[in-house]
Amino acid sequence: MIPTTLDLTADPKGIARAADLLRQGLLVAFATETVYGLGGDARNGLAVASIYEAKGRPSFNPLIAHVASVQAAQRFVEWSDKAQMLADAFWPGPLTLVLPLREGSGISTLVTAGLDTLAVRVPAHHTARALLAEFDGPVAAPSANLSGQISPTTAEHARAGLGGRIAAILDDGPCGVGLESTIVGLAAEPTLLRPGGVALEQIEAVLNARLHLHQSGDLLTAPGQLQSHYAPDAPVRLNVRTRQGDEILLGFGSVECDLNLSTKGDLTEAASNLFAALHKLNETGRPIAVSPIPNTDLGAAINDRLHRAAAPRDS
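This is a predicted model, so every value here is computed, not measured.

Conventions used here
- Residues numbered from 1 in each chain as written.
- Predicted model: local features only at pLDDT ≥ 70, side-chain atom pairs only at ≥ 80, totals over all residues.
- Heavy atoms only, no water.
- Salt bridge = Lys/Arg side-chain N within 4 Å of Asp/Glu carboxyl O.
- Helix = DSSP H or I, 4+ residues; strand = E, 2+ residues; numbered from the N terminus.
- Buried < 20%, exposed > 50% of the residue type's maximum accessible area, 1.4 Å probe, protein only.
- Core = buried A, V, L, I, M, F, W, Y, C linked by side-chain atoms within 4.5 Å.
- Contact = heavy atoms within 4.5 Å.
- Polar contact = N/O pair within 3.5 Å; in protein donor to acceptor, adjacent residues only side chain to side chain.
- Arc of directions from axis to C-beta.

1. Side note on the pattern of salt bridges
Enumeration according to the criterion identifies 9 salt bridges in this entry. The residue Arg 102 makes a salt bridge to Glu 78 at a minimum N-O spacing of 3.8 Å. In this pair, Arg 102 is assigned in the loop between β5 (95–100) and α5 (109–112) and Glu 78 in the loop between α3 (70–74) and α4 (81–90), connecting sequence segments 24 residues apart. Notably, a salt bridge pairs Arg 237 with Glu 247, separated by 2.8 Å at the nearest N-O pair. Residue Arg 237 is located in strand β12 (residues 236–237), and its partner Glu 247 is located in the loop between β12 and β13 (248–251); the two are separated by 10 residues in the primary sequence. Given a relative accessible area of 28%, Arg 237 falls into the partly exposed group.

2. Some thoughts on the nonpolar core
Of all hydrophobic cores here, the largest spans 72 residues; its most connected members are Phe 60, Leu 86, Trp 91, Leu 95, Leu 97, Ile 203 and Ile 302. For this core, the element with the most residues is helix α9 (residues 267–282), which contributes 8 residues. Leu 95 has contacts with Leu 86, Phe 90, Val 120, Arg 121, Ser 181, Thr 182, Val 184, Val 198 and Ile 203, leaving out every residue within four places of it along the chain. Judged by nonpolar contacts, the second largest core, of 17 residues, contains Ala 18, Phe 30, Leu 132 and Val 139.

3. Here we look at the side chain of Ser 181
Summarising the element assignment, Ser 181 is placed in the loop between β8 (168–171) and β9 (182–185). Judged by its relative accessible area of 2%, Ser 181 is buried. At a separation of 2.8 Å, a polar atom in the side chain of Ser 181 contacts the side chain of Thr 96. The residues contacting Ser 181, other than those within four sequence positions of it, are Thr 34, Ile 64, Pro 94, Leu 95, Thr 96, Arg 121, Arg 194, Pro 195, Gly 196 and Gly 197.

4. Let's talk about the environment of Pro 12
In this fold, Pro 12 is placed in helix α1 (residues 12–23). Linking Pro 12 and Leu 131, residues 119 residues apart in sequence, is a C-alpha distance of 9.2 Å.

5. Topic: the environment of Arg 159
Position of Arg 159 relative to the elements: it lies in helix α7 (residues 155–162). Each residue touching Arg 159, except ones within four places of it in the same chain, is listed here: Asp 7 and Ile 169.

6. What about helix α8 (residues 200–207)?
When α8 is considered as a whole, its buried residues turn out to be Ile 203, Glu 204 and Leu 207. In an axial view of α8, the angular spread of the buried residues amounts to 95°, which keeps them on one side of the axis. Residues Glu 201 and Ala 205 are exposed on α8 and point more than 90 degrees away from its buried face. In this structure, the buried residues of α8 make contact with α4, β5 and β9.

Below you can see the structure in the form of structure tokens.
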């Protein structure tokens, strides 16, 4: 628990303090035009893991990276003509675009949930934009509430759920839209991944084309959906204390292994390392064995992802 969650006023001093806390890897709730977001440095795996921990979020879903401008977004994703058309029409504003992740972006794999795409948005709220400009970096920010509870549209809502769990709340009154952003996937065929603050018809009018509507069997790539299934090519075996055959061991705690999620047995550190570790081990082509991980706190989310990775493959 955080000893004291600071109440910051949305003035230059409060915004500068909030940006400094983000640089330290701490979490700050802040107003956007949609809902209050729970922000952490999207390049800092430990900060992003702390978002899941603070929210009690049960699984590692992709998060939205909030940035200050189109130019900032282009540093992290592969831009396209369609992205430019939608950005010209709706940014800053309640529209999130999912685009291929740029190589060397530095974005934590916890933000993308191990996928090769990134959800990115330029918010319209003046305080959010001022904070992003002051911080000068991408901020991962799901809604600032405990997982499963009603999305917060005031600082009081955020404080009621997250007080004592995060470093600060940057208070700038009630949110104007009060509904999460619309999410459009542009990595392939333009697809509506989540309805929200920008209407489907408006988006289709700008693109002069119909959007594909996400179907239950489609790959899940965005916040607000069920978790994407990340499966390495090789088999994955869980709760392993003794390796078999050619297995490569992903460890946790004080164990002999090939790669360790956290030698200290720290679940936050383990969460921040999870996706990068799975990718690295997948490159070996060897079967993957995983040490037992406590099924408490963030361990429940880690185990959820590992069970999905270990699930039998569809034929």
